[in-house]
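What follows is each chain in one-letter form.
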Amino acid sequence: MFRTATPFMLLLLALIPLVGCEKTEPALKPEPEPVKSAPAPAPTPSTPPPPSAAPEPHHDCPAGSEGMGSLAKPCEAQEADRIMEVTWTGKMNDAGSPTFRVVSKSKLVILYGKIVTYFYDKTGKQLEVPAGSSGKPRQHQDCPGNIFGGVMQPGEKAVINFSCVGKSSVPEGTVAIEAEIQTVGFADAEGKHSDFYWKNEDLTPDTRPKGGIKASSKKK
């Protein structure tokens, strides 16, 4: 037996499809934020070069020499130019050390010196200095430092036994001893330190004839 649909039922049937077929729109995904590139690192400033050393002061070199005047770059002379003259007296002291007569030809006070000493036999042949702690003979005996026992005044004359030129330095068969002051240091105002330096390497070759370089041999 069929039931007659009432108006209420008809209305209900009409609403059901509308409810069941309702579509839900999917939620929109938020757009990703654009990736920002990291800024390039600021360039590291290069390390500034260390300040250069102060330039060496230039000294007024003695006549006939040229240079800065420092120990590394002394006022350099050539050939037979001498600041000091050294002559063996022909005597030895009680300890067997040669005694030298030293004459300053400088107009300045001298504190530092380097003496180079040579030894010769009766024929004038240069003799080798006996081997010491170095283990081998040497052609000359050198002694640098404040070797004058104080300062040498301009024009001063002195008789000196140099501590580094002792009995053990004198070769057997020596009849003549000669020496040159290769380097000098001029004293400061207080006379305690060397202010600047002079040097002549021409005076002190390894092989040196007896008599050394004479003033008359200077080149024109």
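Residues numbered from 1 in each chain as written. Predicted model: local features only at pLDDT ≥ 70, side-chain atom pairs only at ≥ 80, totals over all residues. Heavy atoms only, no water.

A. Spotlight on the pattern of salt bridges. Taken as a whole, this structure holds five salt bridges when the rule is applied. Linking Glu201 and Lys199 is a salt bridge whose minimum nitrogen-to-oxygen distance equals 3.0 Å. With a relative accessible area of 22%, Lys199 lands in the partly exposed category. Sharing partners across several salt bridges, the network here consists of Arg82, Glu178, Glu180 and Arg208. (Salt bridge = Lys/Arg side-chain N within 4 Å of Asp/Glu carboxyl O. Buried < 20%, exposed > 50% of the residue type's maximum accessible area, 1.4 Å probe, protein only.)

B. Broad picture of the packing of aromatic side chains. Taken as a whole, this structure holds four aromatic pairs when the rule is applied. Note on Phe100 and Phe162: the rings are 5.8 Å apart at their centroids and 50 degrees apart in plane angle, and the pair reads as tilted. Of the two residues, Phe100 is situated in strand E3 (residues 98-104) and Phe162 in the loop between strand E7 (157-160) and strand E8 (176-187); the sequence distance between them amounts to 62 residues. Accessibility expressed as a relative area gives 1% for Phe162, which makes it buried. Taking the centre distance of 6.4 Å and the plane angle of 75 degrees together, the rings of Phe148 and Phe162 count as edge-to-face. Of this pair, Phe148 sits in the loop between strand E6 (141-145) and E7 while Phe162 sits in the loop between E7 and E8, and the two are 14 residues apart along the sequence. (Phe/Tyr/Trp six-rings, centres within 6.5 Å; stacked < 30°, edge-to-face > 60°. Helix = DSSP H or I, 4+ residues; strand = E, 2+ residues; numbered from the N terminus.)

C. View of the environment of Gly149. Looking at the secondary structure, you find Gly149 in the loop between E6 and E7. You can call Gly149 exposed: its relative accessible area is 78%. Through-space distance from the C-alpha of Gly149 to that of Asn161 is 9.8 Å; in sequence the pair is 12 residues apart.

D. The arrangement of the nonpolar core in detail. Met84, Phe148 and Phe162 are the most contacted members of the largest nonpolar core, which has 30 residues in total. For this core, the secondary structure elements donating two or more residues are strand E2 (84-92), E3, strand E4 (110-120), E7, E8 and strand E9 (194-199). The element contributing the most residues to this core is E8, with five residues. (Core = buried A, V, L, I, M, F, W, Y, C linked by side-chain atoms within 4.5 Å.)

E. Layout of unusual backbone geometry. In this structure, Glu79 takes a positive phi of about 55 degrees despite not being glycine. Along the polypeptide, Glu79 turns up in the loop between strand E1 (75-76) and E2. Given the relative accessible area of 19%, Glu79 is considered buried.

F. Structural detail: the side chain of Asp121. Its place among the elements puts Asp121 in the loop between E4 and strand E5 (126-127). Of note is the side chain of Asp121, whose polar atom sits 2.9 Å from the backbone nitrogen of Lys125. (Polar contact = N/O pair within 3.5 Å; in protein donor to acceptor, adjacent residues only side chain to side chain.)

G. Highlighting the confidence of the model for the chain. Within the chain, residue pLDDT values average 82, and 71% of them lie at 70 or more. Across residues 18-26, confidence stays below pLDDT 50; counting only partners more than four residues off in sequence or on other chains, it has zero contacts. Segment residues 33-42 is flagged for pLDDT under 50; beyond a separation of four residues in sequence, or across chains, it makes zero contacts in the model. (pLDDT = per-residue confidence, 0-100. Contact = heavy atoms within 4.5 Å.)

H. Local environment of the pairing of E4. With 10 of its 11 residues buried, E4 lies for the most part within the structure. Of the strand pairs in this sheet, E4 and E8 are connected by 10 bridges, and their pairing is antiparallel. Paired with Tyr112 across the strands is Gly185, a residue of E8. Direction of pairing for E4 relative to E6: antiparallel, over a ladder of five bridges. The partner of Gly113 across the bridge, within E6, is Gly145. Examined bridge by bridge, E4 and E5 share two bridges and lie antiparallel to one another. Looking at the pairing, Tyr120 lines up with Gln126 of E5. Between the antiparallel neighbours E4 and E5 lie five residues, among them Gly124 with a positive phi of about 90 degrees. (Pairing = 2+ DSSP bridges.)

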